[in-house]
Amino acid sequence: MEIKIGIQHTARELNLESNLSAEEVEAAVAAALKDGGVLALTDDKDRKVLVPGEKIAYVELGEPTGRKVGFGAI
């Protein structure tokens, strides 16, 4: 699953691919926002991403997009 996290007062967003389901990510985000804790997610390469709950601006969930290789007709 592709996850994009917007962080307050930051021009760039965090992008990561994770093996978690949408429900698991939603539960983790809700817990971080409710408790004012830390959102902790692990990407598909086993790297951990930590974001303070009070700094989360938005979270966008989507299916991973395949990378295009070569030249193709648009």
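Basis of the calculations
- Residues numbered from 1 in each chain as written.
- Predicted model: local features only at pLDDT ≥ 70, side-chain atom pairs only at ≥ 80, totals over all residues.
- Heavy atoms only, no water.
- Helix = DSSP H or I, 4+ residues; strand = E, 2+ residues; numbered from the N terminus.
- Expected span 1.5 Å × (residues − 1).
- Buried < 20%, exposed > 50% of the residue type's maximum accessible area, 1.4 Å probe, protein only.
- Arc of directions from axis to C-beta.
- Core = buried A, V, L, I, M, F, W, Y, C linked by side-chain atoms within 4.5 Å.
- Contact = heavy atoms within 4.5 Å.
- Pairing = 2+ DSSP bridges.
- Salt bridge = Lys/Arg side-chain N within 4 Å of Asp/Glu carboxyl O.
- Polar contact = N/O pair within 3.5 Å; in protein donor to acceptor, adjacent residues only side chain to side chain.

Asks: Break down helix H1 (residues 22-35) for me, citing the residues and quoting the values.
Replies: In this model, H1 (14 residues) spans 20 Å end to end at C-alpha, consistent with the 20 Å of a helix rising 1.5 Å per residue. Of the residues making up H1, those classed as buried are Ala-22, Val-25, Val-29 and Ala-32. Buried residues of H1 fall within an arc of 100° about the axis and therefore sit on the same side. More than 90 degrees from the buried face of H1, the exposed residues found are Glu-23, Lys-34 and Asp-35.

Asks: Which residues make up the nonpolar core, and what values go with them?
Replies: Counting 12 residues, the largest nonpolar core consists of Met-1, Ile-3, Ile-5, Leu-16, Ala-22, Val-25, Val-29, Ala-32, Leu-39, Leu-41, Val-51 and Ile-56. The set of elements that each furnish at least two residues to this core consists of strand E1 (2-7), H1 and strand E3 (38-42). If sequence neighbours within four positions are ignored, Ile-5 has contacts with Glu-13, Leu-14, Leu-16, Leu-39, Leu-41, Tyr-58 and Val-59.

Asks: Could you give an account of the pairing of strand E2 (residues 13-17), naming the residues involved and the relevant values?
Replies: Regular strands have side chains that alternate between both faces of the sheet. In this structure, E1 lies alongside E2, joined through five bridges in antiparallel fashion. What sits directly across from Gly-6, in E2, is Glu-13. Where E1 folds back onto E2 in an antiparallel hairpin, the turn is made up of five residues, including His-9, whose phi is positive at roughly 60°.

Asks: So, the pattern of salt bridges: which residues are in play, and what are the values?
Replies: Evaluated as defined, the whole model comprises one salt bridge. Across the pair Arg-47 and Asp-43 runs a salt bridge, and its minimum N-O distance is 2.9 Å.

Asks: Give me the lowdown on the environment of Leu-41, citing residues and values where you can.
Replies: By the secondary structure assignment, Leu-41 is in strand E3. The exposure class assigned to Leu-41 is buried, which follows from its relative accessible area of 2%. Note: C-alpha distance between Leu-41 and Glu-24 (17 residues apart in sequence) is 9.8 Å. In this view, Leu-41 contacts Ile-3, Ile-5, Leu-16, Leu-20, Ala-28, Arg-47, Lys-48 and Val-49; residues no more than four positions away in its chain are not counted.

Asks: Residues and numbers for the side chain of Asp-43, please.
Replies: On the secondary structure map, Asp-43 appears in the loop between E3 and strand E4 (48-52). Here Asp-43 falls in the buried class, since its relative accessible area comes to 7%. Reaching out from Asp-43, the side chain makes a polar contact with the backbone nitrogen of Arg-47 at a distance of 2.7 Å. Ignoring anything within four residues of it in the chain, the contact list for Asp-43 reads Leu-16, Glu-17 and Ser-18.

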